[in-house]
Amino acid sequence: MSTARFLKARDIAPWLEELGREYTVLAPTRHGDTVVFREFEPERGIELDRLSTTPAKKALLPPCETLFEYATTKTDTPPYRTSIELRPTLPEGKILLFGTRPCDARAMQIFDRVYDGEQVKDPYYTARRNAATIVTLACSGQAGTCFCDRVGGSPVDATGSDVLLTPLKAGYVAEALTEKGMELMRDTAFMKADGLRQEALNVRNRILEEVPERTSFLDMERNLLSLFGDLGFWDKTAESCLSCGACTYLCPTCYCFNITDEPHGDSGKRIRTWDNCMSSQFTLEGSGHNPRPTKAHRMRNRIGHKFSYYPQLHDKTLACVGCGRCISNCPVSFDIRNAVACAIQHAAANAQEHAHD
Ligand code: SF4
Ligand code: SF4
């Protein structure tokens, strides 16, 4: 990190308000009893003391967006041709994500491999991603549902961020990690603070020392794959699940979408909306056939995708950042950590049994 500055806590809201002239600013905001990541409004303020219930992903992949509008014109003489005019609605303007947590910033890179990869580039996603500056706040510690340390991250991980903030008394030490971060920190809200760089490092080291030693979920993709045919295991795992989909909508790494057309006479629009693989309708085909007809099939897919299929495609990176939102917001308290740990144990027991056959 090349530049260190100090950002006073009391200067943040006025600074974000000022930045609102140039950027679409999103930040964690209190909403009743919860904290949601949403467009910053000065009168609502920001809430930096706990992880937001909703992740920052909607800034790059909105829950619902119009991809293009279209209008058809028919000739009224033979051979009656129809022509279609398409009007793409590409996003414009700079975006600032302020107060993301290390897990959420890391999650952006999981999206990048899918929407901004070498083979496929989604123009809507890449326009927003290139326009976004991400200012991440290091966590002071882990909540009971956090497990970033078990999936390759940490409470102070800077992966995917442009600026990392480390909390000190009365404010934050800001360290730029990218050109975009350096540009942002040229603002006068950031005071010179090179002497505080070491103090910030000490704080981060103390936070890391408090992370418990726990079994890692890395490098388990083959073990989990071996359970693919064991539907009895997945049936038991998914027993309490209500298929409500809260876990997928609140997950910072879930990126599936659906496409629908909304026609209005000779014109209309094509819309992309978030979709939810825990719903029985997600894979329901027009013929009525459903390749994932039960909760067991869908749970196998959700866990398999995050801990086995995605890592096999993307250099062993898991598609889970351990934020714990799916645990703390599940109506039946389904705990993905227990499910993965059980799956790993079950796969190991199966392997041992086969070795003795
Ligand atoms: S939030 Fe819980 S109950 Fe709802 S789909 Fe996810 S695991 Fe099932
Ligand atoms: S699967 Fe759960 S813990 Fe993992 S990133 Fe998604 S919401 Fe967070």
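Note that the structure is predicted; figures quoted are calculated from it, not measured.

## Description of the packing of helix 2 (residues 102–115) against helix 3 (residues 123–131)
Argument step 1. Interhelical geometry of helix 2 versus helix 3 gives an angle of 140° and a closest axis separation of 10 Å. By the angle between their axes, helix 2 is oblique relative to helix 3. Read as a crossing pair, helix 2 and helix 3 show a hand that is left-handed. Facing helix 2, whose interface residues are Met108, Gln109, Phe111, Asp112 and Tyr115, helix 3 presents Tyr125, Thr126 and Arg129.
Argument step 2. Across the contact of helix 2 with helix 3, the residue classes tally to four nonpolar, two polar and two charged.

## Focus: the site of ligand 1
Argument step 1. With respect to spatial proximity, the complete set of residues near ligand 1 consists of Cys241, Leu242, Ser243, Cys244, Gly245, Ala246, Cys247, Met278, Cys330, Pro331, Val332 and Phe334.
Argument step 2. Looking at the shell around ligand 1 residue by residue, the class counts come to 10 nonpolar, two polar and no charged.

## A few points about the domain arrangement of the protein chain
Argument step 1. On domain assignment, one finds that the protein chain holds domain 1 (4–61 + 91–209) and domain 2 (221–356).
Argument step 2. Between the C-alpha centres of domain 1 and domain 2 there is a distance of 27 Å.
Argument step 3. Contacts between domain 1 and domain 2 engage 28 residues on the former and 28 residues on the latter.
Argument step 4. Interface of domain 1 and domain 2: buried area, both sides summed, is about 2,400 Å²; carbon and sulfur atoms make up 62% of it.
Argument step 5. The largest contributions to the domain 1 side of the interface with domain 2 come from Lys57, Ile110 and Phe147, which together make up 25% of the buried area.
Argument step 6. On inspection of domain 1 and its partner domain 2, the count reaches two salt bridges.
Argument step 7. One salt bridge in this structure joins Arg325 and Asp104, with 2.9 Å as the shortest N-O distance.
Argument step 8. On the surface where domain 1 and domain 2 come into contact, there are 14 residue pairs in polar contact (both at pLDDT 80 or more).
Argument step 9. Looking at the side of domain 1 that touches domain 2, the elements with two or more residues in it are helix 2 and helix 3.
Argument step 10. In terms of residues, the side of domain 1 that touches domain 2 owes the most to one element, helix 2, which gives 10 residues.
Argument step 11. Class assignment for the residues of the side of domain 1 that touches domain 2 results in 15 nonpolar, six polar and seven charged.

## Side note on the nonpolar core
Argument step 1. Of all hydrophobic cores here, the largest spans 28 residues; its most connected members are Phe217, Trp234, Met299, Ile303, Phe307 and Ile336.
Argument step 2. Broken down by element, the residue count for this core peaks at six residues, all from helix 11 (residues 336–356).
Argument step 3. What Ile336 contacts, discounting residues up to four positions off in sequence, is Phe147, Arg302, Ile303, Phe307, Cys326 and Ile327.
Argument step 4. With 24 residues, the next largest nonpolar core counts Leu60, Cys103, Ala132 and Val321 among its residues.

## Comments concerning the sheet that holds strand 5 (residues 82–88)
Argument step 1. In spatial order, the strands read 5-4-12-11; together these four strands make up an open sheet with antiparallel pairing. The sheet terminates laterally at strand 5 and strand 11 (257–264), the two strands that pair on one side only. Across the sheet, the axes of successive neighbouring strands diverge by a mean angle of 25°, strand direction being ignored.
Argument step 2. Across the sheet, helix 3 touches strand 4 (64–74), strand 5 and strand 12 (267–274), and the angle it forms with strand 4 is around 135°.

## Section: the side chain of Thr136
Argument step 1. Locating Thr136 in the fold gives a position in strand 7 (residues 132–137).
Argument step 2. Within the structure, the side chain of Thr136 is placed 2.9 Å from the side chain of Thr100, a separation counted as a polar contact.

## Re the sheet that holds strand 1 (residues 4–8)
Across a sheet, strands are paired by hydrogen bonds formed along the backbone, either parallel or antiparallel in direction.
Argument step 1. Here we have eight strands laid out as an open sheet, ordered 3-2-6-7-8-9-1-10, and mixed in their pairing. Only two strands of the sheet have a single neighbouring strand rather than two, namely strand 3 (34–39) and strand 10 (190–192). Along the sheet, successive strands turn relative to each other by an average axial angle of 25°, direction set aside.
Argument step 2. Strand direction decides the pairing type here: strand 7 and strand 8 (residues 163–168), joined by three bridges, are parallel. Among the inter-strand pairings, Thr136 is bridged to a residue of strand 8, identified as Leu164.
Argument step 3. The sheet strands contacting helix 1 (residues 9–19) are strand 1, strand 2 (23–31), strand 6 (94–100), strand 9 (171–176) and strand 10, and the helix crosses strand 1 at an angle near 95°.
Argument step 4. The strands touched by helix 3 are strand 6 and strand 7; relative to strand 7, the strand with the most contacts, the crossing angle is about 60°.

## Some remarks on the pattern of salt bridges
Argument step 1. Counted according to the given criterion, the structure contains 20 salt bridges.
Argument step 2. Between Arg272 and Glu65 there is a salt bridge whose closest N-O contact spans 2.9 Å. You can see Arg272 sitting in strand 12 and its partner Glu65 sitting in strand 4, a full 207 residues away along the chain. The residues Arg272 and Glu65 share a single accessibility class, namely buried.
Argument step 3. The salt bridge partner of Glu175 is Arg204, with a shortest N-O separation of 2.8 Å.

## Examining the packing of aromatic side chains
Argument step 1. Under the defined criterion, the tally for this structure stands at 11 aromatic pairs.
Argument step 2. Each ring, one from Trp15 and one from Phe98, has its centre 5.9 Å from the other, and the planes form 75°; the classification is edge-to-face. Of the two residues, Trp15 sits in helix 1 while Phe98 sits in strand 6, which places them 83 residues apart along the sequence. Like Trp15, the residue Phe98 is buried in the burial classification.
Argument step 3. Their ring planes at 85° and their centres at 5.1 Å tell us that Trp15 and Phe190 sit as a pair that is edge-to-face. In this pair, Trp15 is assigned in helix 1 and Phe190 in strand 10, connecting sequence segments 175 residues apart.
Argument step 4. Each residue in the set Phe111, Tyr115, Tyr125, Tyr255 and Phe257 is aromatic and connected to the rest through ring pairs, giving one cluster.

Definitions and limits used
- Residues numbered from 1 in each chain as written.
- Chains lettered and ligands numbered in written order.
- Predicted model: local features only at pLDDT ≥ 70, side-chain atom pairs only at ≥ 80, totals over all residues.
- Heavy atoms only, no water.
- Axes fitted to C-alpha atoms, helices over the stretch in contact; angles between N-to-C directions.
- Helix = DSSP H or I, 4+ residues; strand = E, 2+ residues; numbered from the N terminus.
- Parallel < 35°, antiparallel > 145°, perpendicular 65-115°, else oblique.
- Left-handed = near helix turned anticlockwise from the far one by under 90°.
- Contact = heavy atoms within 4.5 Å.
- Nonpolar A, V, L, I, M, F, W, Y, C, P; charged D, E, K, R; others polar.
- Near = heavy atom within 4 Å.
- Domains from an automatic or database assignment.
- Buried area = accessible area lost by both parts, 1.4 Å probe.
- Salt bridge = Lys/Arg side-chain N within 4 Å of Asp/Glu carboxyl O.
- Polar contact = N/O pair within 3.5 Å; in protein donor to acceptor, adjacent residues only side chain to side chain.
- Core = buried A, V, L, I, M, F, W, Y, C linked by side-chain atoms within 4.5 Å.
- Buried < 20%, exposed > 50% of the residue type's maximum accessible area, 1.4 Å probe, protein only.
- Pairing = 2+ DSSP bridges.
- Phe/Tyr/Trp six-rings, centres within 6.5 Å; stacked < 30°, edge-to-face > 60°.

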